[in-house]
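Summary of the model geometry
If you want the building blocks of each chain, they are given just below.
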Amino acid sequence: ARLEARLVEGDEAGAWGVVEGALASGTTPAETYTGVIGPALTSLGAKWHDGTISIAQEHLATAVALRLIGRMGPRFARKGRTKGVVVVTTPPGERHVIPSLMVSDLMRGAGFQVIDLGAEVPDDSLAEIITDLDRLVAVCISSTRFNVDRAVRHSIKAAREAAPEVKIFVGGASITDAKHAADLGADGW
C-alpha cells in the first residue's frame, strides 16, 4: 500500500525508499519484485480498470515503476558462466513491458543470459533473432492483455518453428493457468 501511494503520486524518491526498506529488511531482489513491486502494480491496474484511478495516474505510476526496475536491474547480475540464453518478449499488440522486464531480471538472477526484446515484437522478428542464437534454452512470452490468445498462439508457433527444440513458456495476467498455457502450445507457464 505504501508503494502504491508513492507510485500514484509520482514520488520516485519515496517509492525507492519503500523498495530500499524492503531490501534492508532482508527481502531479496526477487522477493521485492514478486512481493512488493508486482502486487502494487497489479493493484493499480485493477484500480485503473475499475475507474478508481485515472489513466494519467496509472501512466505516472508506470513511469516511476520503470525507473525503480531500472535501478533494481544490476542487483540481478551474476558473474561466471551462464546456464544458457533465454529470450523474453511479448506478442504483437502487447504494450505492457514491465512484466517482461521483471522476468528478464529474474532470469538473470537465476544465472541465464537474457535477451529482452521488449514489447510488441513481430513474430517474424522473434523467429529471426532466435534462429541463430547459440545456447538458447528458452523463450518466455509475456502477455497481460485479455482476449489475445490468437496473438500469443502465433508467437509461440513462430518461436517453435524457428527453434523446435527450445522450451517456450508463457505467463502474465492473460494466461490463467498451466492448462491455458498448454492449450496455446507452450511448454510451461
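For the structure itself, consult the block above.
In this report, we go over the structure that sits alongside the text. (Residues numbered from 1 in each chain as written. Predicted model: local features only at pLDDT ≥ 70, side-chain atom pairs only at ≥ 80, totals over all residues. Heavy atoms only, no water.)

Regarding the sheet that holds strand S1 (residues 85–89)
- Pairing in this open sheet of four strands is parallel, and the strands run S2-S1-S3-S4 from one edge to the other. The open sheet is flanked by strand S2 (113–116) and strand S4 (167–171), the only strands paired with a single partner. Direction aside, the axes of adjacent strands within the sheet are offset by 20° on average.
- Relative to strand S3 (residues 136–142), S1 is paired through five bridges, and the arrangement is parallel. When the sheet's bridge partners are listed, Val86 is paired in S3 with Ala138.
- Its contacts with the sheet put helix H7 (residues 149–162) on S3 and S4, and the angle it makes with S4 is roughly 165°. (Pairing = 2+ DSSP bridges. Helix = DSSP H or I, 4+ residues; strand = E, 2+ residues; numbered from the N terminus. Axes fitted to C-alpha atoms, helices over the stretch in contact; angles between N-to-C directions. Contact = heavy atoms within 4.5 Å.)

Quick look at the pattern of salt bridges
- Enumeration according to the criterion identifies nine salt bridges in this entry.
- Between Arg67 and Glu12 there is a salt bridge; the shortest N-O distance is 2.6 Å. Placement of Arg67 in helix H4 (residues 55–72) and of Glu12 in helix H2 (residues 12–24) is noted, with a sequence separation of 55 residues between them.
- The exposure class assigned to Arg67 is partly exposed, which follows from its relative accessible area of 37%.
- Between Asp183 and Lys179 there is a salt bridge; the shortest N-O distance is 2.9 Å. With Asp183 and Lys179 both in helix H8 (residues 178–184) and four residues apart, this pair spans about one turn of that helix. (Salt bridge = Lys/Arg side-chain N within 4 Å of Asp/Glu carboxyl O. Buried < 20%, exposed > 50% of the residue type's maximum accessible area, 1.4 Å probe, protein only.)

Regarding the side chain of Glu4
- Position of Glu4 among the secondary structure elements: in helix H1 (residues 2–9).
- Sequence-distant contacts of Glu4, defined by excluding residues within four places in its chain, comprise Ala40, Ser43, Leu44 and Lys47.

Overview of the pairing of S2
- Judged from the four bridges that link them, S1 and S2 form a sheet pairing that is parallel. Across the sheet, Val86 pairs through a bridge with Val114, a residue of S2.
- One crossover worth recording links S1 to the parallel S2 by way of helix H5 (residues 98–109), and it is right-handed. (Right-handed = clockwise from strand over helix to strand, strands pointing away.)

Some thoughts on helix H6 (residues 123–131)
- Buried within H6 are the following residues: Asp123, Leu126, Ala127 and Ile130. Viewed along the axis of H6, the buried residues span an arc of 95°, placing them on a single side of the element. Among the exposed residues of H6, those pointing more than 90 degrees away from its buried face are Asp124 and Glu128.
- Next to the buried residues of H6 lie S1, S3 and H7. (Arc of directions from axis to C-beta.)

Considerations on the environment of Thr144
- By the secondary structure assignment, Thr144 is in the loop between S3 and H7.
- With 54 residues separating them in the primary sequence, Thr144 and Thr90 have C-alpha atoms 9.1 Å apart.
- Excluding its chain neighbours within four sequence positions, the residues that come into contact with Thr144 are Glu94, His96, Pro99, Ala173 and Ser174.
- Side-chain polar atoms of Thr144 contact the side chain of His96, separated by 3.0 Å. (Polar contact = N/O pair within 3.5 Å; in protein donor to acceptor, adjacent residues only side chain to side chain.)

Side note on a negative patch on the surface
- On the surface, a cluster of negative charge is contributed by Asp124, Glu128, Asp132 and Asp134.
- Here Asp124 is to be found in helix H6. (Patch = residues over 30% accessible without salt bridge, like charges linked within 9 Å, V, L, I, M, F, W, Y side chains within 5 Å. Areas by Shrake-Rupley, 256 points an atom, 1.4 Å probe, with all protein chains shown as cover. Lys, Arg positive; Asp, Glu negative; His and termini not counted. Charge placed at Lys NZ, Arg CZ, Asp CG, Glu CD.)

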